[in-house]
Amino acid sequence: MRPCNLHIERTLALAEEMIHLADQGEADREDNGCGILYGVLRDSAYKLQKLAEDEKQNHIQKGWWPRKKP
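Residues numbered from 1 in each chain as written. Predicted model: local features only at pLDDT ≥ 70, side-chain atom pairs only at ≥ 80, totals over all residues. Heavy atoms only, no water.

Draft legend 1. Broad picture of the environment of Ala-27. You can see Ala-27 is positioned in helix α1 (residues 3-28). Take Ala-27: its relative accessible area is 63%, and that puts it in the exposed class. Residues Ala-27 and Gly-63, 36 residues apart in the sequence, show an inter-C-alpha distance of 42 Å. (Helix = DSSP H or I, 4+ residues; strand = E, 2+ residues; numbered from the N terminus. Buried < 20%, exposed > 50% of the residue type's maximum accessible area, 1.4 Å probe, protein only.)

Draft legend 2. Just the pattern of salt bridges, in detail. Within the structure shown, the criterion is met by four salt bridges. For Lys-56, the salt bridge identified is with Glu-9, shortest N-O distance 3.9 Å. Taken as a pair, Lys-56 in helix α2 (residues 32-62) and Glu-9 in helix α1 lie far apart in primary sequence, 47 residues in all. Overall, the relative accessible area of 33% leaves Glu-9 in the partly exposed class. A salt bridge links Arg-29 to Glu-26; the nearest nitrogen and oxygen atoms lie 2.8 Å apart. Judged by relative accessible area, which is 32%, Arg-29 ranks as partly exposed. Overall, the relative accessible area of 30% leaves Glu-26 in the partly exposed class. (Salt bridge = Lys/Arg side-chain N within 4 Å of Asp/Glu carboxyl O.)

Treat this as a map of the structure, not an account of what it does.
As structure tokens, then:
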């Protein structure tokens, strides 16, 4: 796989980890400040995820992304 595609895959994995952390943090928070922190973390993760998915689609359309074998 191309290095640029590996970076997109890693970005998607990081976004998933950020979402998971935000969910855990929200469940365990004890004050409003933490709620704001985890809300920003979750929003940022979804924005990064969208950008990475869009870029992945661009790479697929360009033929740069390996096809899945049946």
